[in-house]
Amino acid sequence: MLKDLTSKLYKRNPKYLKNLSAYANLSDSIDYRLKQIFDRPIKTKIPEVAAYGTDAIELSLSRNFQGDRVLAFIGGLTDMIKNHMDIIQNFLFIQS
């Protein structure tokens, strides 16, 4: 679901992919960003955003932020979900 949302946001806001000129087309650029967001280890900041979780979401909504808002927003949401799932796994492990 978040991957679909990410693709839709980038298709509506391709300007945030402008610094990925090494990729031939919009689809390749979006695929690169999807891997960058969803394939990174838990509790790892995205270098372009330099924030994690709710801080990344707040940064994406800031008027002063000049970077990739889609990357920051979806990255922050993904961080929150991964963190929550890690807490649940640890809790279930302790309970068993």
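These numbers come from a predicted model, not from an experiment. (Residues numbered from 1 in each chain as written. Predicted model: local features only at pLDDT ≥ 70, side-chain atom pairs only at ≥ 80, totals over all residues. Heavy atoms only, no water.)

**Re the nonpolar core**
Inclusion rule: Buried Ala, Val, Leu, Ile, Met, Phe, Trp, Tyr and Cys residues form a nonpolar core when they are joined through side-chain atoms within 4.5 Å. Partly exposed describes any residue whose relative accessible area lies between the buried limit of under 20% and the exposed limit of over 50%, with all areas from a 1.4 Å probe on protein chains only and scaled to the type maximum. In this description, contact between two residues means that some pair of their heavy atoms is separated by no more than 4.5 Å.
Among the nonpolar cores identified, the biggest contains 17 residues, and Tyr10, Ile37, Val49 and Leu71 are the most heavily contacted of them. If we ignore the near neighbours within four places in the chain, the residues touching Leu71 are Tyr10, Arg33, Gln36, Ile37, Ile46, Glu48 and Val49.

**Digging into unusual backbone geometry**
Short version of the rule: The numbering of helices and of strands both runs from the N terminus, where a helix is a DSSP run of H or I of at least 4 residues and a strand a run of E of at least 2.
The residue Ala50 is not glycine, and still its phi comes out positive at about 55°. Relative to the elements of secondary structure, Ala50 occurs in the loop between α2 (26-38) and α3 (54-61). The exposure class assigned to Ala50 is exposed, which follows from its relative accessible area of 56%.

**Some points on the packing of helix α1 (residues 2-12) against α2**
The criterion, for reference: In this analysis an axis means a line fitted to C-alpha atoms, helices contributing only their contacting stretch, and an angle means the value between N-to-C directions, from 0 to 180 degrees. An angle below 35 degrees is read as roughly parallel, one above 145 as roughly antiparallel, one from 65 to 115 as roughly perpendicular, and any other as oblique. Rotating anticlockwise by less than a right angle from the far helix to the near helix defines a left-handed crossing, while the corresponding clockwise rotation defines a right-handed one. Gly is put with the polar residues, along with every residue not named as nonpolar or charged; the nonpolar set is Ala, Val, Leu, Ile, Met, Phe, Trp, Tyr, Cys and Pro, and the charged set is Asp, Glu, Lys and Arg.
Two numbers describe how α1 lies on α2: the axes approach to 10 Å, and their chain directions differ by 140°. Relative to α2, the element α1 lies oblique. Note on packing geometry: the crossing formed by α1 with α2 is right-handed. Residue-level contacts link Leu2, Lys3, Thr6, Ser7, Tyr10 and Lys11 of α1 to Leu26, Ile30, Arg33, Leu34, Ile37 and Phe38 of α2. When grouped by side-chain class, the residues that make up the contact of α1 with α2 number seven nonpolar, two polar and three charged.

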